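Examination of the molecular architecture
Below, each chain spelled out in residue letters.
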Amino acid sequence: MILCYIAGIGMMRSALLTSVTMVAVLASAPGPMPFATAQARSVEGQGFCRTADPLPRLDPEVQQQQSNGSTKTEGGGKRDREAVAMASEPAPPAPPPPPPPPVMTPPGYVDASGTADVVVTGSRIGSSTSELPRAEPTTALSDSERSAAPPVPGSFDARVLPPRRPDPRPRPQPQSGILTAGEHDDLLNPELYAAYVNRSANLGQEVLSLPRVDTTRVVTVKVADRNGQPIPFADVVVTCSDGNSITMATQADGSAVFFPGLDRLSERITVTARKAGRTIADSRPVLVANAAGGQQVGLTANQAATKVTKLDLMLVVDTTGSMGDEINYLQSELRSIISAITAKHRTLDIRIGFVFYRDLGDEYVTRTVAFDRDVGRVQGALARQSANGGGDYPEAMDQAMIRAVGQDWRPDAVKSLLLVADAPPHDDKFGRTWQAAEAARAKRIHITPVAASGVADKAEYAMRAMAAATQSRYLFLTDDSGVGNPHAPPAIDCYLVTKLDALVRRVIDSQISGRRIEPEDQEIIRSVGKYDAGKCVLPADFKWQEG
């Protein structure tokens, strides 16, 4: 049975939205574009039912080389760079041997006659131990007394040693549950998102490949069994009038969304569902509406629904210097989120991976940790990261997204990609970044951005476009925690502020369960605008092309 619902413009101005209004349409035109677009037309030589371009290819991750030929670390951090610097600097002259009697060598000190290796991220650089840092002498004298007293022949003070530095006070690692954040689902608020895109049209003058996201029309296909239970991971096949077809898998809630503009749907299409290579629902003809609004098609499967049993979680994290004000807190939050998810969903087969990224010319551009079931191992990889590099505002988000989407995601798992960043891709790399987002959509990967301090117009636009295209939400840190640099208010009309770790857990739990999970009253720190279960209550005089 086909269930078709077409909401007219008048109904779309109502205070609350239906649960099936959503769309993302890509266009390359930089200038404003009318939102009440005409029916998609076949492009010469391409036809209807457009499929996404393949994921761009990247060279394998390699250790970059410094200009002097020494190895540049693939990992991150000040200590790695200091180790490389020590290995590349000329060795200081060895001190003369002390006269007898021999002096006992303190623990950790290496005599200048020995040899050792400096390990730099998988590469071992042979060096003499005169290149290594030396242990400091053990003495009962104070620093001032030692500086005033002449060196005693044969003592360690007579040797060429670096000046003694006071040990820094230990800094406790930040606890989780400190950072605060809001979230917005543009797919539940298509009118507001359309107005936002219209107001942002000037960005297209700077970024020619800026993705244009249109939320006026969408076809949402929902596949359920005879008891009304959603069928996850079923292949929904849409066939256009010229015979071309698009296949998109359902999420955990049994839905798959098709965008008439982006997918170039013909006016008449047929829709069916398959699983494991066989048809589970009969083909249904559908007339794609040309009016603003959401359209839902229901398919009843001839097999029972099954539960979700697997989760693939990939975290893509910007580790450039601009993230330094929040990276330690984010590490604690992400560790807490990972622990909570694995503890709550003990029956799920969970794999977790990372792509850490910086920018061209930094210590590394991307650094990938493949999917792993060992939570302790991936937690350790996260704990070793530090913020450095960058220099300009944009970063290598395009390469990070390509690496992440190209990992070995399992076809029968909930697929969640958490993008933690505070800057957009470079202007000339927006196209590649969006290409990665389209490839993620084709693989049924949710992209959930977490915008840190520093996010401005371009970064917010890119992140919200990726979230909308992949049936996900846009998350953003707020100033309520008092951590980090000031956070620019998002261009969003309504949202709730809660703790970041609890918010991310709710979002991922929603992706697993297939139902939206709202915070409890005691979790809400503050509210902005008129919020109702993810939807913003619209003013009575709201217009689609507002702004």
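Residues numbered from 1 in each chain as written. Predicted model: local features only at pLDDT ≥ 70, side-chain atom pairs only at ≥ 80, totals over all residues. Heavy atoms only, no water.

Attention now goes to the state of the cysteines. Here the structure, examined in full by the defined rule, presents two disulfides. The disulfide partner of Cys49 is Cys240, and the gap between their sulfur atoms is 2.1 Å. Every disulfide takes its handedness from the sign of the S-S torsion; for Cys49 and Cys240 that torsion is 85°, giving right-handed. Placement of the pair is Cys49 in the loop between α1 (9-12) and α2 (78-88) and Cys240 in strand β5 (residues 235-240), with a sequence separation of 191 residues. Disulfide pairing is shown between Cys494 and Cys536; the S-S distance is 1.9 Å. The disulfide joining Cys494 to Cys536 has a torsion of about -95° about its S-S bond and is therefore left-handed. Within this pair, whereas Cys494 is found in the loop between β16 (474-477) and β17 (495-499), its partner Cys536 is found in strand β20 (residues 535-536), the two being separated by 42 residues in sequence. For the pair Cys494 and Cys536, a shared accessibility class is recorded, and that class is buried. (Disulfide = S-S within 2.5 Å. Helix = DSSP H or I, 4+ residues; strand = E, 2+ residues; numbered from the N terminus. Buried < 20%, exposed > 50% of the residue type's maximum accessible area, 1.4 Å probe, protein only.)

Turning next to helix α9 (residues 457-469). The α-helix winds at 3.6 residues per turn, so residues separated by three or four positions along the chain end up facing the same way. Over its 13 residues, α9 extends 18 Å from the first C-alpha to the last, a length consistent with the 18 Å expected when each residue adds 1.5 Å. By the burial criterion, the buried members of α9 are Lys458, Ala459, Glu460, Tyr461, Ala462, Met463, Arg464, Ala465, Met466, Ala467, Ala468 and Ala469. (Expected span 1.5 Å × (residues − 1).)

Turning next to the confidence of the model for the chain. Low pLDDT means the predicted atomic positions in that stretch should not be read closely. When pLDDT is averaged along the chain, the result is 77, and 71% of the positions lie at 70 or above. Predicted confidence is poor over residues 65-92, with pLDDT under 50, and the contacts of this stretch with residues over four places away or in other chains come to 61 contacts. Per-residue pLDDT stays below 50 along residues 100-171; that stretch engages in 76 contacts with residues further than four places along the chain or on separate chains. (pLDDT = per-residue confidence, 0-100. Contact = heavy atoms within 4.5 Å.)

Pairing is mixed in the open sheet, where three strands are placed in the order β7-β4-β10. The open sheet has two free edges, formed respectively by β7 (255-258) and β10 (293-300), since each of these has just one partner strand. Neighbour-to-neighbour, the strand axes of this sheet turn through a mean angle of 20°, independent of strand direction. Bridge count for strand β4 (residues 217-224) against β10 is eight bridges, and the pairing is parallel. Each residue of the ladder has a partner; that of Lys222, found in β10, is Gly298. (Pairing = 2+ DSSP bridges. Axes fitted to C-alpha atoms, helices over the stretch in contact; angles between N-to-C directions.)

Sheet architecture is open: four strands sit in the order β6-β5-β8-β9, paired in antiparallel fashion. Either end of the sheet is taken by a strand with one partner, and the two such strands are β6 (245-249) and β9 (278-287). Going across the sheet, the axis of each strand differs from the next one's by a mean of 20°, ignoring polarity. Alignment of strand β8 (residues 268-275) against β9, held across seven bridges, turns out to be antiparallel. Considered in β9, the bridge of Arg274 is made with Thr279.

The next point concerns the environment of Met397. As for its position among the elements, Met397 is in helix α7 (residues 397-405). Separated by 36 residues in the primary sequence, Met397 and Thr433 place their C-alpha atoms 6.9 Å from one another. Non-local contacts of Met397, meaning those with residues more than four positions away in its chain, are made with Tyr357, Leu419, Ala421, Ala423, Pro424, Pro425, Thr433, Met463 and Met466.

Time to look at helix α10 (residues 500-513). Compared with an ideal rise of 1.5 Å per residue, which puts 14 residues at 20 Å, α10 spans 20 Å between its outermost C-alpha atoms and is within 8% of the ideal. In terms of burial, α10 is largely enclosed, as twelve of its 14 residues are buried. Among all positions of α10, only Leu500, Asp501, Ala502, Leu503, Val504, Arg506, Val507, Ile508, Asp509, Ser510, Gln511 and Ile512 are buried. Once α10 finishes, Gly514 follows within two positions and takes phi at roughly 80°, a positive value.

This brings us to the pairing of strand β11 (residues 310-318). The side chains of a regular strand alternate between both faces of the sheet. Here β11 lies mainly inside the structure; eight of its nine residues are buried. Of the pairings in the sheet, the one linking β11 to strand β12 (residues 349-357) comprises nine bridges and is parallel in character. Bridge assignment links Val317 to a residue of β12, and that residue is Phe356. A crossover links β11 with its parallel partner β12, the connecting element being helix α5 (residues 327-344), and its sense is right-handed. Bridge count for β11 against strand β14 (residues 414-421) is seven bridges, and the pairing is parallel. Bridge pairing links Leu313 to Ser416 in β14. (Right-handed = clockwise from strand over helix to strand, strands pointing away.)

Between α7 and helix α8 (residues 430-442), the shortest axis-to-axis distance is 8 Å and the interhelical angle comes to 20°. Relative to α8, the element α7 lies roughly parallel. Handedness of the α7/α8 crossing: left-handed. Contacts between α7 and α8 involve Met397, Asp398, Gln399, Met401, Ile402 and Val405 on the former and, on the latter, Arg432, Thr433, Ala436, Ala439 and Ala440. (Parallel < 35°, antiparallel > 145°, perpendicular 65-115°, else oblique. Left-handed = near helix turned anticlockwise from the far one by under 90°.)

Moving on to the nonpolar core. By size, the foremost hydrophobic cluster in this structure holds 43 residues, and its most contacted members are Val316, Met397, Met401, Leu417, Leu419 and Met466. Top contributing element to this core by residue count: α9, with seven residues. When sequence neighbours within four positions are dropped, the list of residues in contact with Val316 reads Val355, Tyr357, Ala400, Ala404, Leu417, Leu418, Leu419 and Val420. (Core = buried A, V, L, I, M, F, W, Y, C linked by side-chain atoms within 4.5 Å.)

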